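Topology and contacts: notes
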Amino acid sequence: MTKTERITWLDENRIETEIAATAAGADRLRVREILEKASTLGGLSEDDVAVLCAVTDPDLVAELFHTAEKVKTEIYGPRIVLFAPLYFSNICLNECVYCAFRRSNKELDRKILTMEEIEAETAALIDQGHKRLLLIGGEAFPKTGFQYLIDAIERIYSVKRGRGEIRRINVNVAPLETNEFRRLKDTGIGTYQLFQETYNRKVYEQMHPSGAKADFDWRVSVMDRAMAAGIDDVGIGPLFGLHDWRFEVLATMQHIAHLEDAFGVGPHTISVPRMEPAVGSDVSMAPPHMVSDFDFKKIIAILRLAVPYTGIILSTRENPEMRRDAFRLGVSQISGGSRTNPGGYATPVEEQAAQFTRGDHRPLDEVVRDIAASGCVPSFCTACYRMGRTGADFMDLAKPGLIREMCGPNALSSFMEYMLDYGSEDTCAAGEKAVAAEVATMEPKIARYSQTMMRKVREGKRDVYR
Ligand code: SAM
Ligand code: SF4
């Protein structure tokens, strides 16, 4: 395979210089200036972010967290969007040293789902109450090739169960060609998501010794191809644990700046996966750059301030305590009731076919109840992309703070739908309280819309959104 042309927007020397320049710690006055600037919701520059990454003083960290909480609440209110990953396969031609799906791992039962099995997984997820899926798997399609993915998406959208269906499919698959992205877009996906793992070339080479994924430039340029093909919403993120987290955060800022320059809009979401132990992976027990819980919270808070309108996604990897802290500091989407082994929803078994160890083993209903009990509003909304509010249009809508006018009522009506159709008694009790508390804080006009939308749902209408 020929190497892809070297990308030019990633400046590793600049990042190293920024890290070295702030190694002695962060200047108090400068930090406070940056936090002041972040409070105006205008985002931060790469230089600002470098300074925040160096903050260790407990008082300043507390101020950083406090500012992130304020920004999170101001833009997103208390809603947390829920989704589930659907693993279609654990077969992979790559050798990522940290992943259980790596080709040479003999300790794994390999499986790629048939269309019937995809349908069964979808049905099981709909029966839990999910409306949004992330379709995800190893880098290898069966004989039908890329068409498998298209067929899988069409099959998932076709499944109807009682009053439920999947309304948005996001996709996380190995980098595609531009023409494949065009076909993917035509199936009506939401976000195309891919993690860079690490933006450091040397570390990347060590972690990805063979297979198509060994080509750093092919991977790091993937969003250019996706966006050129018309996919407006893309999701990026490093895998924290492979290299110095400060390097990864600053490189993420460069990636965002590049997409903004090239396409007029940055990523729709940033994921913050942290490496977990995985069966048969080389670095399972000791990530080379373990990120502490404390630093992980700083990462979330810094990203929240740096790109206030970009969703931050936390996955199954984190335990319930970390998830609760993460909501406060900036996370806007989480997975719930997840399985990381193909077929794991329809036929729950011991997860010896899973990609990594999950930190949160609770069923969706419990996750939803916990979110509601902590004062947040679980949201199953899928309105934006169906209303054409994607890419720059979404950002234009988000920036003046309108996100709350649309997303707040949509969160409430979709949560009401969940409670009526799937919620347990305890979850509904916690949920009704959370709904009432949220409506009480809304501007009268928005509260009225919300009440009207929830009334329609109580009266039997479904999929009510604006
Ligand atoms: N195979 C494709 C790829 O690698 O891009 C897409 C799916 S892969 C299953 C999704 C992500 O799982 C990877 O991008 C990687 O960041 C993450 N992952 C792999 N091993 C992990 C581990 N041990 N802990 C946490 N995340 C892991
Ligand atoms: Fe395959 Fe993705 Fe796992 Fe790498 S991270 S081994 S490409 S599934």
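Okay, so let's go over this structure. Keep in mind that this is a model prediction, so the values were computed, not measured.

1. Side note on the site of ligand 2
Neighbouring ligand 2 are the residues Cys-92, Asn-94, Cys-96, Cys-99, Phe-101, Arg-102, Gly-138 and Lys-213. A class-by-class count of the residues in the shell around ligand 2 yields four nonpolar, two polar and two charged.

2. Details of the pairing of strand S2 (residues 132–137)
Sheet faces and side chains relate simply in a regular strand, where the side chains alternate between the two faces. Judged by how many residues are buried, S2 sits mostly within the fold: six of six residues are covered. Burial along S2 is two-sided: the face carrying Arg-132, Leu-134 and Ile-136 and the face carrying Leu-133, Leu-135 and Gly-137 are both buried. Relative to S2, strand S1 (residues 79–89) runs parallel, the two sharing five bridges. Residue pairing across strands places Tyr-87 opposite Ile-136, the latter belonging to S2. As a crossover connection, the stretch from S1 through helix H5 (residues 115–128) into S2 is right-handed. Bridge count for S2 against strand S5 (residues 168–172) is five bridges, and the pairing is parallel. Bridged to Leu-134 within S5 is Asn-170.

3. Some words on helix H4 (residues 58–76)
The end-to-end C-alpha distance of H4, which contains 19 residues, comes to 26 Å, matching closely the 27 Å that a straight helix rising 1.5 Å per residue would cover. Restricting attention to buried positions, one finds in H4 the residues Leu-60, Val-61, Leu-64, Phe-65, Thr-67, Ala-68, Val-71, Lys-72, Ile-75 and Tyr-76. Down the axis of H4, the buried side of the element spans an arc of 165°, and every buried residue falls inside it. One side-chain oxygen of the residue at the start of H4 lies 2.9 Å from the amide nitrogen of Asp-59, identifying that residue as Asp-57.

4. A look at helix H14 (residues 364–373)
The periodicity of an α-helix, 3.6 residues per turn, causes residues three or four places apart in sequence to face the same way. For H14, a buried count of seven out of 10 residues is recorded, marking the element as mostly surrounded by other parts of the structure. For H14, the complete set of buried residues consists of Leu-364, Asp-365, Val-367, Val-368, Asp-370, Ile-371 and Ala-372. Downstream of H14 by one or two residues, Gly-375 has phi in the positive range, about 90°.

5. A short note on the pattern of salt bridges
When the charged atoms of two side chains with opposite charge come close together, those side chains can pair. Tallied over the full model, the rule gives 33 salt bridges. As a salt-bridge pair, Arg-102 and Glu-95 come within 3.0 Å of each other at their nearest N and O atoms. Residue Arg-102 is classed as buried on the basis of its relative accessible area, which comes to 10%. When its relative accessible area of 12% is taken as the criterion, Glu-95 is described as buried. Linking Arg-386 and Asp-463 is a salt bridge whose minimum nitrogen-to-oxygen distance equals 2.8 Å. With Arg-386 in helix H15 (residues 383–386) and Asp-463 in the segment after helix H18 (444–458), this pair connects stretches of sequence that are 77 residues apart.

6. Concerning the nonpolar core
Counting residues in hydrophobic clusters, the biggest one holds 135 residues, and the most contacted among them are Leu-52, Leu-184 and Tyr-192. Broken down by element, this core gets its largest block of residues, 11 residues, from helix H16 (residues 391–421). Inspection of this core shows a minimum of three residues originating in each of domain 1 (73–361) and domain 2 (401–458). Counting residues in each nonpolar core, the second largest holds 19 residues, with Tyr-87, Cys-92, Val-203 and Ala-278 among its members.

Rules of the game
Residues numbered from 1 in each chain as written. Chains lettered and ligands numbered in written order. Predicted model: local features only at pLDDT ≥ 70, side-chain atom pairs only at ≥ 80, totals over all residues. Heavy atoms only, no water. Near = heavy atom within 4 Å. Nonpolar A, V, L, I, M, F, W, Y, C, P; charged D, E, K, R; others polar. Buried < 20%, exposed > 50% of the residue type's maximum accessible area, 1.4 Å probe, protein only. Helix = DSSP H or I, 4+ residues; strand = E, 2+ residues; numbered from the N terminus. Pairing = 2+ DSSP bridges. Right-handed = clockwise from strand over helix to strand, strands pointing away. Expected span 1.5 Å × (residues − 1). Arc of directions from axis to C-beta. Polar contact = N/O pair within 3.5 Å; in protein donor to acceptor, adjacent residues only side chain to side chain. Salt bridge = Lys/Arg side-chain N within 4 Å of Asp/Glu carboxyl O. Core = buried A, V, L, I, M, F, W, Y, C linked by side-chain atoms within 4.5 Å. Domains from an automatic or database assignment.

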